[in-house]
Amino acid sequence: MENIVQEIYQLVKKKMREQGAYDRDAYGEFVNETIDYFSEKGKLSDDENEEFIKDQLMAMWEDFSDQIANSEDYEA
């Protein structure tokens, strides 16, 4: 399950860069959107606990916000 969390996290970061959205609310929206996308594409099975995955991803917000603060690649 850790691999799927990392895949979703990487896609969320990519979407945020593309959209120029760098706050926690946008992050949460992209997490939900990406989990739905992975479910629709069959990358997440019904056996996987989407709520647990979402909780893990939301806990990763601090790391992402630190990356934004310390990177010239992001424009806030």
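None of the values given here were measured: they were computed from a predicted structure.

Reading guide: rules and limits
- Residues numbered from 1 in each chain as written.
- Predicted model: local features only at pLDDT ≥ 70, side-chain atom pairs only at ≥ 80, totals over all residues.
- Heavy atoms only, no water.
- Buried < 20%, exposed > 50% of the residue type's maximum accessible area, 1.4 Å probe, protein only.
- Helix = DSSP H or I, 4+ residues; strand = E, 2+ residues; numbered from the N terminus.
- Arc of directions from axis to C-beta.
- Contact = heavy atoms within 4.5 Å.
- Salt bridge = Lys/Arg side-chain N within 4 Å of Asp/Glu carboxyl O.
- pLDDT = per-residue confidence, 0-100.

J.: Please explain helix α4 (residues 61-69) as it appears in this structure.
T.: Along an α-helix, residues three or four apart share an orientation, since each turn contains 3.6 residues. Along α4, the positions that sit buried rather than exposed are Trp61, Phe64 and Ile68. Down the axis of α4, the buried set is contained in an arc of 65 degrees. They therefore lie on one face. Residues Glu62 and Ala69 are exposed on α4 and point more than 90 degrees away from its buried face. Summarising the contacts, the buried residues of α4 are in contact with α1 (2-19), α2 (24-40) and α3 (50-59).

J.: Sorry, what's going on with the pattern of salt bridges here?
T.: Close approach of charged atoms lets side chains of opposite charge pair. Under the defined criterion, the tally for this structure stands at two salt bridges. One salt bridge connects lysine 43 with glutamate 7, and the closest N-O pair in it is separated by 3.5 Å. Residue lysine 43 is located in the loop between α2 and α3, and its partner glutamate 7 is located in helix α1; the two are separated by 36 residues in the primary sequence. You can call lysine 43 partly exposed: its relative accessible area is 45%. For glutamate 7, a relative accessible area of 37% puts it in the partly exposed group. Between lysine 15 and glutamate 33 there is a salt bridge; the shortest N-O distance is 2.9 Å. Residue lysine 15 is located in helix α1, and its partner glutamate 33 is located in helix α2; the two are separated by 18 residues in the primary sequence. We classify glutamate 33 as partly exposed; its relative accessible area is 42%.

J.: Looking at this model, I keep getting lost on the confidence of the model for the chain. Mind explaining?
T.: The predicted coordinates should not be examined in detail at positions where pLDDT is low. Taken as a whole, the chain shows an average pLDDT of 88; of its residues, 92% reach a score of 70 or greater. α2 holds the highest mean pLDDT among the elements of the chain, 95, whereas α4 holds the lowest, 85.

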